[in-house]
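# Chains, contacts and geometry: an overview
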Amino acid sequence: MMEKRPLVWLSAEKNTRIRKDLEKNWNLIDFNLDSPVPMRAGLPDEARVGVLELSDHSGGDVPWPESWLESLGLTYWVAISPVRPVSGTRAAKLIVRYCSDFHTSPVNYERINTVLGHLWGMTTILELHHNPARDDYQGLALMGNSQPVKHARHLLRRFSATLEPVLITGESGTGKEAAAWFIHTNSTRANGPLVFVNCAALPTNLTQSELFGYEKGAFTSAMSSHQGRLEQANGGSLVLSGIDELQLEQQSVLLRFLQEGQIERVGGNAQIRVNCRIIATTSQPLPELVSLGRFRSDVYFRLGSLEVKLPLLKDRLEDIPALAQEMLEGSLPGSDRKRLSKGAVRSLVNHTWPGNFRELQNHLRKALLLCDQPVIEASDLGLPDAEKDADVNFSLKEFRDRADRQALICSLRLANYNVSEAAKLLKISRVSLYRLLDKYNPGPHNRQTPYRKGDLP
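None of these values were measured; they are calculated from a predicted model.

This brings us to the overall build of the protein chain. Within the protein chain, the secondary structure is distributed over 18 helices and 16 strands. The buried share of the protein chain, reckoned over its 457 residues, is 46%. Counting only contacts in the protein chain whose residues sit at least 6 apart along the sequence, the fraction spanning at least 24 positions is 69%. Put simply, the protein chain shows about 23600 Å² of open surface, and 49% of that area lies on carbon and sulfur atoms.

Right, here's the structure in full:
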């Protein structure tokens, strides 16, 4: 008899009839929509598909499962709804965004069991692709319940549904590789190849042969024909990692493919059509590079129509304790797992994290090597002990001040540092905005001219 496969069941009300039928072939793992959403649910490694059982959504107090679906992180969901969702309603949008199939009550057991079986088979194919290792920060970079990362996940999921190029912007160590994986694995190209190109390591004189490939005899060492990275990504996705590192000459080579969708191997004359989705990552804002003459505007406009900016770790303070503990648990076997002391957690939250996730990972690895006790202290992390530091302020006022300052910075950037436009974005008066400017950047301001970029760090 075949061993039962795990099936995640997410519901506020349990449909006992269909559950009883499915339990013949599946081992159901229950999660209650009414319960608090964990940062990362404790799923067995074998869990691959899930059932989302929706209630009658006529009531306003019914819990909605978006946060649960993000936290559980399964690739495939099947929805069960009491009635067929009306187009445009929240239930319909949720099913379209997260679910591969849906069924209305009463559920036909044979049909839903067949669908779940097919989806399970699809996940076994996806396992052939590399996923970021759990002890690598890339595997955790998009997890969390803070508003900045939830917004980034929302955009990534929306953009995954298209085949347009996506530009991922973020400082070093914010998880740009994880974002590229997210887009690919949640798109219709998930079963195709995912090819990474490290633009910083791409020699200028070899750009064409690396991207387009070459024919036998194209140059002295070309003993046989060779596919370029673009051809290797045909039917899947190509990630141009660090596209801001490309020289203008290299950008011109790439532009030809972006315009025509076809390539010509070095030493060949045949036009080869390549169908792959382009994902580009950058640590520097490309518009600024364009204005400096270091990046071609035509390449930027073809890549930057859909852009996601990943948040800094210091803007996700509420996520840090759970992320740090998750990294520790993924680095050691169960019997040797360590936990963070209260002082260590406070020190992590108080740190500014200029190196983002990469810096956090390095501090935790250092602590694992130095700490012989089951509890890691701030000193093991190489950080000052926040509990002993009199200057540390964890008051509600401090967190509100941080939020105000972040809102001020974001609004000014979006308004191109025009005070009137920034005030409109924040839905406050110009006077109120100037008060914020005085608070976070004391000194005289010329209120007759737009606020200058760089005045507020």
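Having seen the structure, we can now continue with the description.
Attention now goes to the side chain of R189. Looking at the element boundaries, R189 is found in the loop between α6 (176-185) and β7 (194-198). Of the side chains with opposite charge, E164 comes closest to the buried, unpaired R189, at an N-O distance of 9.9 Å. Side-chain polar atoms of R189 contact the side chain of N275, separated by 2.8 Å. Filtering out sequence-adjacent residues up to four positions away, R189 remains in contact with L163, H184, G235, G236, S237, N275, C276 and R277.

So, on to the pattern of salt bridges. Enumeration over the complete set of coordinates arrives at 11 salt bridges. For the salt bridge of D30 with R19, the shortest nitrogen-to-oxygen distance reads 2.6 Å. In this pair, D30 is assigned in strand β2 (residues 26-32) and R19 in helix α1 (residues 16-22), connecting sequence segments 11 residues apart. Relative accessible area serves as the criterion here: at 9%, R19 is assigned to the buried category. A salt bridge links D21 to K24; the nearest nitrogen and oxygen atoms lie 4.0 Å apart. Taking the relative accessible area as the measure of exposure, D21 reaches 21% and is therefore partly exposed. Overlapping salt bridges bring together R19, E23 and D30 as one network.

So, about helix α5 (residues 147-160). Spanning 14 residues, α5 covers 20 Å between terminal C-alpha atoms, matching the ideal 20 Å at 1.5 Å per step. Looking only at α5, the buried set comprises V149, A152, R153, L156, R157, F159 and S160. Considered in projection along α5, the buried side chains sweep an arc of 165° and stay on one side of the axis.

Moving on, we come to the sheet that holds strand β13 (residues 277-282). Reading across from one edge, β7-β10-β13-β6-β14 is the order of the 5 strands in this open sheet, with parallel pairing throughout. The open sheet terminates on both sides in strands that have one partner only, identified here as β7 and β14 (306-309). Recorded for the sheet is a direction-independent mean angle of 20° between the axes of neighbouring strands. The sheet contact formed by strand β6 (residues 166-169) and β14 spans 4 bridges and is parallel. From the neighbouring strand, L167 faces β14, where its bridge partner is E307. In the packing of α6 onto the sheet, the strands contacted are β6, β7, β10 (237-241) and β13, and the crossing angle to β6 comes to about 155°.

Within the secondary structure, Q250 sits in helix α9 (residues 248-260). Polar side-chain contacts of Q250 include one of 2.8 Å to the backbone nitrogen of Q247. Ignoring sequence-local partners within four residues, the contact set of Q250 consists of L202, P203, T204, T207 and E245.

We now examine the environment of A280. Secondary-structure assignment places A280 in strand β13. Separated by 42 residues in the primary sequence, A280 and L238 place their C-alpha atoms 8.2 Å from one another. Setting aside chain neighbours within four positions, we find A280 in contact with V166, L167, I168, L240, I243 and L303.

It is worth spelling out the sheet that holds strand β5 (residues 101-104) at this point. On the basis of which strands lie adjacent, the open sheet formed by 5 strands has the order β2-β1-β3-β4-β5 and parallel pairing. Because the sheet does not close on itself, it has two edges, and the strands there are β2 and β5. Taking the axes of each pair of neighbouring strands and ignoring which way they run, one obtains an average angle of 25° across the sheet.

One pass over the full model with this rule turns up 3 aromatic pairs. Aromatic pair W26 and W120: ring centres 6.0 Å apart, planes at 70°, arrangement edge-to-face. Placement of W26 in strand β2 and of W120 in helix α4 (residues 109-126) is noted, with a sequence separation of 94 residues between them. The pair W26 / W120 is uniform in exposure class, with both members buried. Centroid distance W181 to F196: 6.0 Å. Interplanar angle 40°. Geometry classified as tilted. Residue W181 is located in helix α6, and its partner F196 is located in strand β7; the two are separated by 15 residues in the primary sequence. Here the basic side chain of R5 rests over the ring of W120, its NZ or CZ set 5.6 Å away from the ring centre. Between R19 and the ring centre of W9, over which it is positioned, the NZ or CZ distance is 5.3 Å.

For the rest of this paragraph, the subject is the pairing of β5. The two faces of β5 differ: D101 and H103 on one face are buried, but F102 and T104 on the other face are not. The pairing of strand β4 (residues 76-81) with β5 spans 4 bridges and is parallel. Bridge pairing in β5 links I80 to H103. Crossover handedness for the path β4 to helix α3 (residues 90-98) to β5: right-handed.

A few words now on the pairing of β13. Among the 6 residues in β13, 6 count as buried, and that is most of the element. Residues R277, I279 and T281 point to one face of β13 and I278, A280 and T282 to the other, with burial holding for every one of them. Sheet topology places β6 next to β13; 4 bridges connect them, and they run parallel. Bridge pairing in β13 links V166 to I279. Summarising the sheet, β10 and β13 pair through 4 bridges and their orientation is parallel. By the bridge assignment for β13, L238 is matched with I278.

Scoring rules and cut-offs
- Residues numbered from 1 in each chain as written.
- Predicted model: local features only at pLDDT ≥ 70, side-chain atom pairs only at ≥ 80, totals over all residues.
- Heavy atoms only, no water.
- Helix = DSSP H or I, 4+ residues; strand = E, 2+ residues; numbered from the N terminus.
- Buried < 20%, exposed > 50% of the residue type's maximum accessible area, 1.4 Å probe, protein only.
- Contact = heavy atoms within 4.5 Å.
- Areas by Shrake-Rupley, 256 points an atom, 1.4 Å probe, with all protein chains shown as cover.
- Lys, Arg positive; Asp, Glu negative; His and termini not counted.
- Salt bridge = Lys/Arg side-chain N within 4 Å of Asp/Glu carboxyl O.
- Polar contact = N/O pair within 3.5 Å; in protein donor to acceptor, adjacent residues only side chain to side chain.
- Expected span 1.5 Å × (residues − 1).
- Arc of directions from axis to C-beta.
- Pairing = 2+ DSSP bridges.
- Axes fitted to C-alpha atoms, helices over the stretch in contact; angles between N-to-C directions.
- Phe/Tyr/Trp six-rings, centres within 6.5 Å; stacked < 30°, edge-to-face > 60°.
- Lys NZ or Arg CZ within 6 Å of the ring centre and 35° of its normal.
- Right-handed = clockwise from strand over helix to strand, strands pointing away.

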